[in-house]
Amino acid sequence: MTNLNRREFLKVAGITGAGLLGSGALRPITAMAKEETARGPYDGGAWIPSCCHMCGGTTGILCQVVDGRLVRIKPNDDNPVGFTNISDDFFANAAKEGAVMCPKGNAGIMALYDSDRLRKPLKRTNPNKGIGVDPRWKEISWEEAYTEIASRLKTLRDAGEAHKLLWLSEDHCFTHVQGDFCKLFGTPNYSMHSNLCDTGRKASFKILMGDERPLIDAINSKYMLIFGWNPLSATKWSHLPRIITRGIERGARLVIVDPHLSYTASKAHEWVPIRPGTDGALALAMAHVILRDGLQDARFIEEWVAGFEEFKDYVKDKTPQWAEGITTVPAERIERLAREFATTKPALVDIWSGAHHTNGVYTGWAIGTLAAITGNIEKPGTLVLPVKKGGKHIEVEPDEAAAKTLKQPRLDGGKGKWPYFHSSGVYAEIVSRMADGQGPYPPRMAVIVFQNLLMSMVGTKNTEEALRKLEFIVVVDTMLSETAEFADIVIPGTTYFERYDLNNHWVTWPVLGLRQPVVKPLFGQPAEYEFVCELGRRLGLKEANDKDLFWAGRMSGQRIEDKTRWYEEWLSKELKEGEPKITLEELKALPGATWVSQKGTKYNKHQEVISQEKLADSTIEENLIFSKKKDGSKDKPIGMLKSDGTAVRGFFTPSGKLELFVAKHKGKKDADGKPLNPLPVYEPREWQPNAEYPLFLINWKEASQTHSRTQNNAFLAELKATDGLRINAKTAAKLGIRDGDWVWVESPHGKVRMKAQLTQGIHPEVVGTQHGWGHWAMGRIAKGRGSHTGFLAPTKACALSGQALNKEICVRIYRA
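Residues numbered from 1 in each chain as written. Predicted model: local features only at pLDDT ≥ 70, side-chain atom pairs only at ≥ 80, totals over all residues. Heavy atoms only, no water.

## A few points about the overall build of the protein
When its secondary structure is counted, the protein shows 27 helices and 31 strands. Taken over the C-alpha trace, the protein has a radius of gyration of 26 Å; the compact-globule value for 816 residues is 28 Å, and the two agree within 12%. Seen through its C-alpha atoms, the protein measures out along the principal axes to roughly 75 × 70 × 60 Å. Counting every position in the protein, which comprises 816 residues, the buried fraction comes to 64%. When contacts within the protein are restricted to residue pairs at least 6 apart in sequence, long-range pairs at least 24 apart make up 72% of them. Accessible surface for the protein amounts to roughly 29400 Å². Of this, 49% is attributable to carbon and sulfur atoms. Considering the protein, the positive charge centre built from 109 side chains and the negative charge centre built from 97 side chains are found 2 Å apart. (Helix = DSSP H or I, 4+ residues; strand = E, 2+ residues; numbered from the N terminus. Rg over C-alpha atoms; globule rule 2.2 N^0.38 Å. Buried < 20%, exposed > 50% of the residue type's maximum accessible area, 1.4 Å probe, protein only. Contact = heavy atoms within 4.5 Å. Areas by Shrake-Rupley, 256 points an atom, 1.4 Å probe, with all protein chains shown as cover. Lys, Arg positive; Asp, Glu negative; His and termini not counted. Charge placed at Lys NZ, Arg CZ, Asp CG, Glu CD.)

Here you go:
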């Protein structure tokens, strides 16, 4: 909740974000929330349900509004995201225990009432662009802003160059309307944030099981083996600390493999410090032990695993002794971890940002094989494939002019270049091709919505050069970010308290939460979907059937002037066409404005028999079953035929099974021209330490901040004002560095100055820091705190997935 003084906030945030282990550790949060609600000074006012967006976790929240002003925030007990990802747990316990949210969610009110927020459109008057260059802003009217932006867009489209527009956006907010605008405008270059986050992990699991994002069923697990993830602090979803804590209370063992003693590692039963980028070797050696000692689930492998014999042959020489030399993890420890994992059921294994290396996709795939050979998939307490059914995106059909330019290649090369290309695009390739001019065409204009490329992209100087080459840039943001300082026009954005969104939540069963305006936009600015709608109207964009998408209500079909009401009909249409089958107003009326499917979490979905009705409307190729498109052609995989002829769902891979060997990789190449390997091989990452730059540099996330987005939040600044460089004490002693010394951190690409923080909690070959610090713009609180490691890296993406490689850096350090 909010309406806290500083001391109260720190107390609540510390408990909520830490996810303390032990009996009843999370209960004080709910009690404190209820106490805060019970006592004044705000006993009146409406409580409006919504969803947080301080990060992409979309926790359900309740917002108390008094006289049009937000005064308090607390968790929404009717939304599972703040409680659990398993339906039985939610239905049985949520009402008794109550939901939680992290420190960032508690601090959300300061995002709304940040005194540094943008209030009016700004226009650049200085044609020169660069880091530290004053744009010499001039305030302009909304009409002037719309007129110039629309004119620039029209010029592109009329010249047959719509594809030369880049549109980059955050990936959790109003993406459908932005994507539809780009499609009707005629640019194939709509990209989103995901490729900075987890597309490497998505590719790994796509190869293994055909699903990009399995979720951990921690509360039912007995053994949790987690690589390169800090879920008790870097809370991707606010239920993570609770379900992991409850799992431990029920007898689970937690093992964290990470070069850094993260908060989660500090609360685990065991921390396994490892050399960065070698997690795959550890996983393969564990697989070697499991198969050597006959600890695999033979029955599960026989029925549901493809390529087992090839994989078994591959790991025959991947001994613990072999892995010790690569990972620095002792062979005896690897032996023990392998036996523990294989013999403790149910068990789960997972990896997140630990895959941000050039070998990351193969690493994630290798880690996933541990689940496959032990049968720890799709069962309680293991990795579970979520069922995501919520609002349905209504596809639009571009007109002839748009269809022509949509045929142009994406600037990043798209599916033709990246074997496991994700729809979010490849920011690193876009930036590189803009900077060096090597793309299929030079982009001319960019619209950038809630993306701060200069802080989030690797290779900051390269990003600077790329932005300088664009003719015209529009940035939509709440803050005057580093990237906004390169804009020609800046549009003041809204916070999540001032706009709508539908959130198909990341839990294991279908749940949809509503984000809705709880206050009016503070400065009278339009919500971002209204901004997009206005541009669509001014450009006269229509569908191929002459349907006026940006004027016609999607429910009524009538012309609608009011853009808010227009978007409300848009959302109602997605809800009615999707799984909920309700309108926006009906969603608002549900408890917590959250639609929760009563079907609940389903396990062993791969065993589900396909109905005759579905089979009748499908096509079968090589024992795989596909749905049909309207024209009768093959669409998406829906199942497989077993050897006895039974039609079951299976896994959505080429074989319908979990794949340890992928034959289709043969003859194919990655984005660098290197042949794809059909096995989850271990190969060293490309950038290794040497005599000149002898240390690995890593970065991580913590509960105190979201990426580089929240450093101007006054409440969060009280939790943590900056971060230094963590160095192993023995390593520091050899270098003559003491705790608190200022040091230079230098790579071949640049250097930054940081304060040394000596610790035993980091691998001796590694130095590291929390990601997101080092702003030179954004706001008065953020500016000048910490250092930005983006100056130390090249602009490089994983050659399989397009994942930005922000953890593959080598440096030297010395006293400043």
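Back to the write-up after that little detour.
## Looking at helix α3 (residues 87-97)
Turning to α3, its buried residues are Ser87, Asp89, Phe90, Asn93, Ala94 and Glu97. Angularly, the buried residues of α3 cover 145° about the axis, an arc narrow enough to put them on a single face. Away from its buried face, by an angle of more than 90 degrees, α3 presents the exposed residues Asp88, Ala95 and Lys96. (Arc of directions from axis to C-beta.)

## As for the sheet that holds strand β24 (residues 647-648)
If you trace the four strands from one edge of the open sheet to the other, you get β21-β22-β23-β24, paired in antiparallel fashion. The outermost strands of the open sheet, each flanked by one partner alone, are β21 (618-621) and β24. Where strand β23 (residues 634-641) and β24 come together, two bridges link them in antiparallel fashion. Residue pairing across strands places Met640 opposite Val648, the latter belonging to β24. (Pairing = 2+ DSSP bridges.)

## What about the side chain of Arg275?
Relative to the helices and strands, Arg275 resides in the loop between β11 (270-272) and α11 (279-292). Accessibility expressed as a relative area gives 19% for Arg275, which makes it buried.

## Focus: the nonpolar core
Formed by 101 residues in total, the largest nonpolar core has its most connected members in Leu225, Ile244, Met286, Phe311, Phe341, Leu370 and Ile373. Per-element accounting of this core gives the leading share, 10 residues, to α11. Among residues more than four places away in sequence, those in contact with Met286 are Leu225, Ile334, Leu337, Ala338, Phe341 and Leu370. In terms of nonpolar packing, the next biggest core, distinct from the first, is built from 58 residues, Tyr441, Met457, Leu697 and Val767 among them. (Core = buried A, V, L, I, M, F, W, Y, C linked by side-chain atoms within 4.5 Å.)

## Notes on the layout of surface pockets
Unoccupied space between atoms shows up once a probe the size of one water molecule is rolled over them. The calculated volume of the second largest pocket comes to roughly 260 Å³. Together, 18 residues line the second largest pocket, and Thr358, Asp670, Lys674, Glu683 and Glu686 are the ones closest to its centre. In the lining of the second largest pocket, the residues fall into eight nonpolar, three polar and seven charged. Each of domain 2 (210-384) and domain 4 (695-815) contributes no fewer than three residues to the lining of the second largest pocket. (1 Å grid on protein atoms, 1.4 Å probe; cavity = no way out; pocket = protein on both sides within 12 Å on 5 of 7 lines; lining within 4 Å. Points joined across faces, edges and corners; volume = space filled by probe spheres on them. Nonpolar A, V, L, I, M, F, W, Y, C, P; charged D, E, K, R; others polar. Domains from an automatic or database assignment.)

## As for the pairing of strand β28 (residues 742-747)
Inspection of the sheet shows β28 paired to strand β29 (residues 750-759) by six bridges, in the antiparallel sense. Within the sheet, the bridge partner assigned to Ser747 lies in β29 and is Gly750. Hairpin connection of β28 to β29: two residues between the antiparallel strands. Looking at chain direction, β28 and strand β31 (residues 809-815) are connected through four bridges and run antiparallel. Each residue of the ladder has a partner; that of Val745, found in β31, is Ile813.

## A look at the packing of aromatic side chains
Counted under the stated rule, the structure contains 23 aromatic pairs. An angle of 70° between the planes, with centres 6.3 Å apart, marks the rings of Phe174 and Tyr529 as edge-to-face. Of this pair, Phe174 sits in the loop between β6 (165-169) and α7 (175-185) while Tyr529 is found in helix α22 (residues 528-539), placing the two residues 355 residues apart along the sequence. Look at Tyr529 and you get buried, because its relative accessible area is 2%. Among the aromatic residues, those joined into a cluster by ring pairs are Trp167, Phe174, Phe181, Phe185, Phe450, Tyr529, Phe550, Trp566, Tyr567 and Trp570. (Phe/Tyr/Trp six-rings, centres within 6.5 Å; stacked < 30°, edge-to-face > 60°.)

## Overview of the sheet that holds β31
Pairing in this closed barrel of six strands is mixed, and the strands run β26-β30-β27-β29-β28-β31 around the ring. Going across the sheet, the axis of each strand differs from the next one's by a mean of 45°, ignoring polarity. Across four bridges, strand β27 (residues 725-728) lies against β29 in parallel orientation. From the neighbouring strand, Leu725 faces β29, where its bridge partner is Ala756. (Axes fitted to C-alpha atoms, helices over the stretch in contact; angles between N-to-C directions.)

## Some points on the confidence of the model for the protein
Residues with a pLDDT of 70 or more make up 95% of the protein, whose mean pLDDT is 93. Across residues 9-41, where pLDDT falls below 50, the model places 76 contacts with residues more than four positions away in sequence or in other chains. (pLDDT = per-residue confidence, 0-100.)

## Some points on the pattern of salt bridges
Per the stated rule, a full pass over the model turns up 61 salt bridges. One salt bridge connects Lys316 with Asp313, and the closest N-O pair in it is separated by 3.5 Å. For Arg433, the salt bridge goes to Glu429, with nearest N and O atoms at 3.0 Å. With Arg433 and Glu429 both in helix α19 (residues 427-436) and four residues apart, this pair spans about one turn of that helix. With a relative accessible area of 17%, Arg433 lands in the buried category. With a relative accessible area of 15%, Glu429 lands in the buried category. Residues joined by salt bridges that share partners form a network here, namely Asp89, Glu97, Arg242, Arg246 and Glu249. (Salt bridge = Lys/Arg side-chain N within 4 Å of Asp/Glu carboxyl O.)

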